[in-house]
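These are the residues of each chain, in order.
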Amino acid sequence: MEVLAVIPARGGSKGIPRKNLVQLCGKPLVAHSIGHALAAARVTRVVVSTDDIEIAEVSRAFGAEVPFLRPPALAGDQVLDLPVFAHVLDELQAREGYVPDLVVHLRPTAGNAEADSVRSVSPPAQHPYRVFSIGEDGYLHPVMGHLHPEPYLLRRQDLPPMHYYNCVIDVTRPRTIREQGSMTGRRMLPYVMGGDDAFDIDTPRDLEIARCLLERTP
């Protein structure tokens, strides 16, 4: 089975400038993703999608392929994963006739023939039953009020298990991207991770916390 790991790593970043090249534990962030993909036993190919020449050079140095650069139109802040992954699939097929069986973001996991994709999820730090929106009327409205009249008053042990998408692992079939025009499709299998196993680095504060957790832990 051909399992293609695609690592999106554009050059622009507003939260942390040049985020993909920022050092963490002695390596740029993009290198950590590459390392996970290369270490995954079922991944057969690792490709970095980037618009940036320096990121491309660093990615190659750490063992990934960068067979082409991403066009500027797919490197903006508002561009979603779908057109980026579609571009990689289209280019690989046009240039090499290469069509993978699965497309993975970072690392693979198990699935079944009926699933369109696999998404990694974790228990939320704050339960959605205790989350409110503030309406135009200025009042608090419970987000989960459609499931319970007063969800925020339930005891912790009575709250139903819920999970959020932590963006760590994405496994998608090429046909889900092409035929459904979606990175997920309609049938998503969960890959459940612990709450401490996922951490987003989007701001300088996030980066400092990650460094504290990973670099300063004896």
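For clarity, every value in this text was computed on a predicted model and none was experimentally measured.

Trainee: Break down the sheet that holds strand E1 (residues 3-8) for me, citing the residues and quoting the values.
Mentor: Hydrogen bonds between backbone atoms are what pair the strands of a sheet, whose relative direction is either parallel or antiparallel. In space, the six strands of this open sheet follow the order E4-E1-E5-E9-E6-E10, with mixed pairing throughout. At either end of the open sheet lies a strand with only one pairing partner, and these are strand E4 (45-49) and strand E10 (188-192). Direction aside, neighbouring strands of the sheet carry axes that sit 30° apart on average. As paired elements, strand E6 (residues 117-122) and strand E9 (residues 164-172) share five bridges and run antiparallel to each other. Bridging across to E9, Ser117 finds its partner in Thr172.

Trainee: Give a description of the nonpolar core that names residues and reports values.
Mentor: One finds Ile7, Val30, Ile34, Val43, Val46, Val48 and Val171 to be the most contacted residues of the largest nonpolar core, which totals 25 residues. Elements supplying a minimum of two residues to this core: E1, helix H1 (29-39), E4, helix H2 (53-61), strand E5 (102-105) and E9. The contact partners of Ile34, leaving out residues within four places of it in the chain, are Ile7, Val48, Ser59, Phe62, Gly63 and Ala64.

Trainee: Describe helix H3 (residues 81-96), naming the residues involved and giving the relevant values.
Mentor: Compared with the 22 Å implied by 1.5 Å per residue over 16 residues, the 22 Å span of H3 between its first and last C-alpha is a close match. By the burial criterion, the buried members of H3 are Val84, Phe85, His87, Val88, Leu89 and Leu92. Of the residues flanking the end of H3, it is Gly97, one or two places downstream, whose phi is positive at about 70°.

What counts, and where the lines are drawn
- Residues numbered from 1 in each chain as written.
- Predicted model: local features only at pLDDT ≥ 70, side-chain atom pairs only at ≥ 80, totals over all residues.
- Heavy atoms only, no water.
- Pairing = 2+ DSSP bridges.
- Helix = DSSP H or I, 4+ residues; strand = E, 2+ residues; numbered from the N terminus.
- Axes fitted to C-alpha atoms, helices over the stretch in contact; angles between N-to-C directions.
- Core = buried A, V, L, I, M, F, W, Y, C linked by side-chain atoms within 4.5 Å.
- Buried < 20%, exposed > 50% of the residue type's maximum accessible area, 1.4 Å probe, protein only.
- Contact = heavy atoms within 4.5 Å.
- Expected span 1.5 Å × (residues − 1).

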